[in-house]
Amino acid sequence: MLQVQDLRVIYNRVVRVLDGISFEVPAGRMVALLGANGAGKSTALKAVSGMLRSDGGAVASGRVLLEGRTVTGYSAVRMVRLGVMHVMEGRFLFPDLTVKENLEMGAYSQKDRRRIAKDLAQWLEFFPRLAERRSTPAGYLSGGEQQMLAIARALMSRPRMVLLDEPSMGLSPLLVREVFRIIRQIQQSQGLAFLLVEQNVKLALEIASYGYVLEQGCIRIEGTSDELKQNKHLQDFYLGINGNGTDRCQQAAPQ
Ligand code: ATP
C-alpha cells in the first residue's frame, strides 16, 4: 500500500536526517519502524504524512508511493484526504473538549451523522476507558487515556492507513500493554494498515509482522518480527538480551 523509495530528508535546507531509506507497508499489515532516539523515525513518518514542512524539513530526493500513486511532498491535508492519518507524539488533543467532542472532531470530514454515531460507538467499545470518560474534558485524562483518545480520534476519520508515533511514550508499563493490545485488536479486526514507530522494540515486535531498524538515518536491518527477534544485533542493542552494546551505526551488521 505504501512504498517509500530511497528517501532523503533534510531540515533547514542543510541538516540531512534520512539518508536514502526504503520501506514498505502492505495493505492491512502492521509494520514497525524501530530505532534509538534521534535515528530519524519520526522524520520518516512526517515525510509520509506531509507534516515535514511545518517543521522546516523537506524531501531532498526519493519517492513516496501510496497504492502506486506518487504522493511525495503532498501536504498533510491532501494525505488525510487520501486516508493517511498521523497520530503524532504529543497527541494534540483539544483539552477543553470532552472525549466525545474530541472524537466527533476526528470525523469532521464525514457528513453522515448516523455513520459517525456508529463509528463513535464502535471505537468506544474498543476503548472502554474512553467510554467511561466520554463526558470528561480531554485535558483531565491520564497520559494513557490521552494516547487512546488520539488513536480513536484518528480512527474516526475512517483512515486506510494509520501512522502511529511512539504510542508507548510516557505511559506506565501496564497501560502500554493495554494500548498495544487494543491496537493489535483494531488492526486484526479492521484490516487497517499501520506504520508504527517505537523505541520499545520488544513490544513493537509483538504486534507488528515486519520491522525495519533505523540507525543514524539509514535502514540497517529489516525482517519479519520473528527474524528480528532472533537477530543478534537487535538482541544486543535493543532487546537487552545479551546485555552489551554501543550505539554506533557502523557496527550494525545484519546477520
Ligand atoms: P525520537 O524517538 O527521539 O523522536 P526519532 O528517531 O524519531 O527520535 P527524529 O525525531 O526523526 O528521530 O529526529 C532525527 C534527527 O533529526 C535528530 O537528530 C533531530 O535532532 C533532528 N531533527 C528533528 N526535527 C528537526 C527539526 N525540525 N529541525 C532540525 N533538526 C531536526
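Higher on the page you've got the structure.
Residues numbered from 1 in each chain as written. Predicted model: local features only at pLDDT ≥ 70, side-chain atom pairs only at ≥ 80, totals over all residues. Heavy atoms only, no water.

**Description of the environment of Gly28**
Rules: Here a strand is any run of E in DSSP of at least two residues, a helix any run of H or I of at least four, and the numbering for each starts at the N terminus. Throughout, a contact is declared for two residues whenever any of their heavy atoms are within 4.5 Å.
Position of Gly28 among the secondary structure elements: in the loop between strand S2 (15-25) and strand S3 (30-34). Residues Gly28 and Glu198 lie 170 residues apart in sequence; the distance between their C-alpha atoms is 19 Å. Discounting chain neighbours no more than four positions away, the residues touching Gly28 are Gln187, Gly191, Leu192 and Ala193.

**Here's the deal with the site of the ligand**
How we decide: We call a residue near a molecule or strand when any one of its heavy atoms sits within 4 Å of it. Pairs of N or O atoms are called polar contacts if they sit within 3.5 Å, as long as, within protein, a hydrogen donor faces a hydrogen acceptor (for residues adjacent in sequence, only side-chain-to-side-chain pairs). Exposure was quantified through the Shrake-Rupley algorithm and a 1.4 Å probe, taking into account, for residues, occlusion by the shown protein chains and nothing else. Note on residue classes: Ala, Val, Leu, Ile, Met, Phe, Trp, Tyr, Cys and Pro are nonpolar, Asp, Glu, Lys and Arg are charged, and everything else, Gly too, is polar.
In the vicinity of the ligand, 15 residues are found, and the nearest of them are Asn37, Gly38, Lys41, Ser42 and Thr43. At 2.8 Å, a side-chain N or O of Lys41 approaches an oxygen atom of the ligand. In this structure, Asp55 approaches the ligand through a main-chain N or O atom, which is 2.9 Å from a nitrogen atom. Within the complex, the protein chains bury 66% of what would otherwise be the 630 Å² of accessible surface of the ligand. Here the shell around the ligand gets 3 residues from one element, more than from any other, and that element is helix H1 (residues 41-49). In terms of residue class, the shell around the ligand is built from 4 nonpolar, 7 polar and 4 charged.

**Structural notes on the sheet that holds strand S9 (residues 210-215)**
For clarity, the threshold we go by: One bridge is not enough; two strands pair if DSSP finds at least two bridges between them. Axis definition: a line fitted to C-alpha atoms, over the contacting stretch in the case of helices. Angles run 0 to 180 degrees between N-to-C directions.
The sheet built from 6 strands is open, its strands ordered S6-S7-S8-S3-S9-S10 with mixed pairing. A strand with exactly one partner marks an edge of an open sheet, and here the two such strands are strand S6 (84-87) and strand S10 (218-224). Between one strand and the next, the sheet's axes are offset by a mean angle of 15°, whatever the strand orientation. Pairing analysis gives 5 bridges linking strand S7 (residues 161-165) to strand S8 (residues 193-198), with the strands arranged parallel. When the bridges of S8 are listed, Asp165 appears paired with Val197. Its contacts with the sheet place helix H6 (residues 143-155) against S6 and S7, and it is angled at close to 170° to S6. Those strands touched by helix H7 (residues 173-190) are S3, S7 and S8, and its axis lies near 160° from that of S8.

**With respect to the pairing of S3**
Rules: When a residue's accessible area, from a 1.4 Å probe over protein chains only, is under 20% of the maximum for its type it is buried; when over 50% it is exposed; and in between it is partly exposed.
The buried fraction of S3 amounts to 5 of the 5 residues, a majority that puts the element mostly inside the structure. Residues Met30, Ala32 and Leu34 of S3 are buried on one face, and the alternating residues Val31 and Leu33, pointing to the opposite face, are buried as well. Note: S3 against S8, 5 bridges, orientation parallel. Residue pairing across strands places Ala32 opposite Leu196, the latter belonging to S8. Pairing analysis gives 4 bridges linking S3 to S9, with the strands arranged parallel.

Spatial relationships are all this shows, so hold off on functional conclusions.
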